[in-house]
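# Structure at a glance
Here is how the chains run, residue by residue.
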Amino acid sequence: MDFDLKTLDLAGAAAEKCDALVLLVGESFRPGKDPLSRLAADALKAGDLEPKAGKLLQAYRSAGIAAPRLILAGAGDGSAKKVHAAVHAAVAGLRASRARRLVICLPAGADDAVLRAVVAATAEASYVYIATKSKPEGRELQRVTIAVADADRYKAGFGVAKATASGIEFARELGNLPPNVATPARLGDEARKLAKAHGFRCEVLGPKEIGKIGMGSFLAVGQGSEQPSRFIVLQYQGAAAGEPPLVLVGKGITFDSGGISIKPSQEMDEMKFDMGGAASVLGTFRAIGELRPALNVVALIPACENMPDGKSFKPGDIVTSLSGQTIEILNTDAEGRLILCDALTYAQRFKPSAVIDVATLTGACLVALGSVRSGLFATDDGLAQALLDAGDAALDPCWRMPLDDEYADGLKSNFADVANVGGRAGGAVNAAKFLQRFAGNYPWAHLDIAGTAWKGGAAKGSTGRPVGLLVQFLLGQQRLAPSKTGRAAKPSRTKRG
Ligand code: BES
Ligand code: MN
Ligand code: ZN
């Protein structure tokens, strides 16, 4: 989809040739003398339009309005969150129509966060999956013009909004692909393609190399699959070569059957989304490839399939991780932590300024937080706060969870240094405590996106989360990154330690 930005007042928007025009009407809407304003003011007065977010009034061939379809959308207090809900409702309402060109008027005085919300909501509501349909239908919307008071004023924010939306879409599309298509090898190919398009360094390692490096834990998870495992390393250099990078680690289980500890068959298809962490890291790289922030960023993606087979790893097996720690496998369905732990150890070689792993790690996190907020675990308060703030700003929120040592008690093993599962209680925290053993001497955060990476039921599909959070976080790190002339001591810079 193409977005563009155009300087247009409401009179100009009313005259703009397009298939549908969306006017956001918030509580602070002040009508002018143009036909659009008058229509909205009349509708408000008559009680046919409520400024509450999500309320819509649709009109057809209204006098003085060039667009055949007009949608007045209540935008509440005009906050980014309310505007997102309004635009989402308006664009979703258009999906049945064949509208190809859409104009959305940004409310007067909107800031960059509101602009981002408009672009994100439009992209989110108009996305249609077609990759494996025999008749590609439904992707009618092609061009969306955002009408603003002053296009120059919004230019930078618009670039961020578009790049973020394209990163989210990329992650959604990869996540939605079936597991016989989105294999570990395909993830490697996608990484290579991104690298070529944006000039990243890229390495994609196979099982032999993974074994040679010593990632015995990661290797064990994929050994029951016909699909060979891949370890993907992507490097974006936007700052001086010596500048310590931020490392993003994404769980890339392209299908999680549970392995020998096999899952029940109900909804097992949804375990194709178990590579949502990997997809979001790749989507984030697509966005930073377009935005080119002044930062160094590394992506590490262990990708494999968790399958039952004669060659599978099994309960009771003991594997040796890259860190040297031995791990007793008590449940082969707790596989995410087994691939992430080796990537966390590998991350140490980049001497990173921080490492953030992203994983659909535990059903327990879904139980704890539902699908509203991702679970955030962090060893560093500054890093945690920066991620919480980025999530709120990007409307892709997370919630901090504890890391008390007592939560690791259940991970004791009689036969290895650690077991791969603790008790059922506090499952999301147990898993984080397991990972924490492998986080090196860098600030570390873990995002458990089990509840947020995809939706089930009738709206089944990948969400692309937490690409919005990650892009927002990275851009924030960059503005305040230390310059060559010395460390910027801005207060919101992530404080480590
Ligand atoms: N990929 C799953 C986590 C998951 C399950 C995410 C359901 C979203 C919905 C993960 O690999 C897993 O199976 N975790 C187990 C851990 C348990 C065996 C300790 C779980 O959550 O049940
Ligand atoms: Mn599992
Ligand atoms: Zn899994």
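Residues numbered from 1 in each chain as written. Chains lettered and ligands numbered in written order. Predicted model: local features only at pLDDT ≥ 70, side-chain atom pairs only at ≥ 80, totals over all residues. Heavy atoms only, no water.

## Focus: the confidence of the model for the chain
For the chain, per-residue confidence averages 95 on the pLDDT scale, and 96% of positions sit at 70 or higher. In the model, residues 483-497 has pLDDT below 50 throughout and makes 27 contacts with residues more than four positions away in sequence or in other chains. (pLDDT = per-residue confidence, 0-100. Contact = heavy atoms within 4.5 Å.)

## A look at the coordination of the manganese ion (ligand 2)
The coordination sphere of the manganese ion (ligand 2), as far as protein atoms go, consists of D256 (OD), D333 (O), D333 (OD) and E335 (OE), spread over 2.1 to 2.2 Å. One can describe the donor arrangement at the manganese ion (ligand 2) as irregular, given that its six donor atoms subtend angles of 72 to 168° at the metal. Ordering the donors of the manganese ion (ligand 2) by residue number gives the pattern D-x76-D-x1-E. Taken as a pair, the manganese ion (ligand 2) and the zinc ion (ligand 3) show a spacing of 3.2 Å, with D256 coordinating each metal. (Donors = N, O, S within 2.8 Å, 3.2 Å for Na, K, Ca; no water. Tetrahedral: all angles 85-135°; square planar, octahedral: opposite > 155°, others 65-115°.)

## Brief notes about helix 6 (residues 184-198)
With 15 residues, helix 6 extends 21 Å from end C-alpha to end C-alpha; this agrees with the ideal 21 Å at 1.5 Å per step. Contacts from the buried residues of helix 6 go to helix 5 (151-176), strand 7 (201-205), strand 8 (230-237), strand 10 (252-256), helix 9 (276-291) and strand 11 (296-306). Of the residues flanking the end of helix 6, it is G199, one or two places downstream, whose phi is positive at about 75°. (Helix = DSSP H or I, 4+ residues; strand = E, 2+ residues; numbered from the N terminus. Expected span 1.5 Å × (residues − 1).)

## Remarks on the pairing of strand 10
Among the five residues in strand 10, five count as buried, and that is most of the element. Two strands pair when backbone bridges link them, and strand 10 and strand 11 are joined in this way by four bridges, in the parallel orientation. Directly across from D256, in strand 11, lies its bridge partner N306. (Buried < 20%, exposed > 50% of the residue type's maximum accessible area, 1.4 Å probe, protein only. Pairing = 2+ DSSP bridges.)

## What about the coordination of the zinc ion (ligand 3)?
Protein coordination at the zinc ion (ligand 3) comes from K251 (NZ), D256 (OD), D274 (OD) and E335 (OE), with a distance range of 2.0 to 2.4 Å. Coordination geometry of the zinc ion (ligand 3): the six donor atoms subtend angles of 78 to 175° at the metal centre, consistent with an arrangement described as octahedral. Donor residues binding the zinc ion (ligand 3) come from one chain and are separated in sequence as K-x4-D-x17-D-x60-E.

## A few points about the sheet that holds strand 2 (residues 20-25)
Read across the open sheet, the six strands follow the order 1-6-5-2-4-3; overall the sheet is mixed. Looking along the sheet, the strands with just one partner apiece sit at the ends: strand 1 (2-7) and strand 3 (56-60). Between one strand axis and the next, the sheet turns through 20° on average, direction left out of account. Bridge analysis of strand 2 against strand 5 (residues 101-105) gives four bridges, and the strand direction is parallel. The residue of strand 5 that forms the bridge with V22 is I104. Helix 5 contacts strand 1 and strand 6 (143-148) of the sheet and is inclined by roughly 165° relative to strand 1. (Axes fitted to C-alpha atoms, helices over the stretch in contact; angles between N-to-C directions.)

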